Amino acid sequence: MDKKIRSRFLALYCMVLADGVVEAAELEQLYRIGRETYGISADEITACVRDAGTSFEWPDSMEERIGLLYEMALIASADGDIDPTERQLLSRYVVRCGFDETYAGTIADFLLECAKQNLTKEQVVEEALKL
């Protein structure tokens, strides 16, 4: 698995772990994103998580950064309950993606609301770039 993909995928896995409870729905969402977005198999996902120890590499473009943050929001909302630690983790990643800390909570809430509405990643990126 490519180093950038591994790094991004492990950031998504951190969201699964954020509230201290690994829900089946969150894992299903993680594996779905892994397959559909990153083209990695279930075995590769399992190996990636098992052998974690990669430093994070941020996506280059703003579109990719928003997309990754939205994927994290999808995982956080997969079990139907947004735990405060999941929102906090998403907010921290918003800042790490280069957004102003002042707006981190608002951006996280926007992404979580989009996830609740089950919007496509393309819809979210398009809408976010308008803001």
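Quick look at the structure, then.

Glancing now at the overall build of the protein chain. Scanning the protein chain for helices and strands turns up seven helices and zero strands. The helix and strand sequence of the protein chain, counted from the amino end, reads α-α-α-α-α-α-α. Taking the principal axes of the C-alpha coordinates as reference, the protein chain spans close to 40 × 30 × 25 Å. A buried classification covers 38% of the 131 residues belonging to the protein chain. The contacts of the protein chain with a sequence gap of at least 6 include a subset with a gap of at least 24, amounting to 71%. Of the charged side chains in the protein chain, 14 are positive and 25 negative, and the gap between their average positions amounts to 5 Å.

Glancing now at the packing of aromatic side chains. Centre distance and the angle of the planes are the two values used to describe a pair of aromatic rings. Scanning the entire structure with this criterion turns up zero aromatic pairs. Positioned above the aromatic ring of Tyr 93 is the side chain of Arg 96, whose terminal nitrogen or guanidinium carbon lies 5.3 Å from the ring centre.

Scanning the model with the defined rule gives six salt bridges in all. For Glu 71, the salt bridge goes to Lys 121, with nearest N and O atoms at 2.6 Å. Of this pair, Glu 71 sits in helix 4 (residues 62-77) while Lys 121 sits in helix 7 (residues 121-130), placing them 50 residues apart in sequence. The exposure class assigned to Glu 71 is buried, which follows from its relative accessible area of 2%. When its relative accessible area of 25% is taken as the criterion, Lys 121 is described as partly exposed.

This paragraph deals with the nonpolar core. Core analysis: the biggest nonpolar cluster contains 36 residues, and Phe 9, Leu 12, Leu 69, Tyr 70, Leu 90 and Leu 111 have the highest contact counts within it. Per element, the largest residue contribution to this core is nine residues, and it comes from helix 4.

Parameters and conventions
Residues numbered from 1 in each chain as written. Predicted model: local features only at pLDDT ≥ 70, side-chain atom pairs only at ≥ 80, totals over all residues. Heavy atoms only, no water. Helix = DSSP H or I, 4+ residues; strand = E, 2+ residues; numbered from the N terminus. Buried < 20%, exposed > 50% of the residue type's maximum accessible area, 1.4 Å probe, protein only. Contact = heavy atoms within 4.5 Å. Lys, Arg positive; Asp, Glu negative; His and termini not counted. Charge placed at Lys NZ, Arg CZ, Asp CG, Glu CD. Phe/Tyr/Trp six-rings, centres within 6.5 Å; stacked < 30°, edge-to-face > 60°. Lys NZ or Arg CZ within 6 Å of the ring centre and 35° of its normal. Salt bridge = Lys/Arg side-chain N within 4 Å of Asp/Glu carboxyl O. Core = buried A, V, L, I, M, F, W, Y, C linked by side-chain atoms within 4.5 Å.

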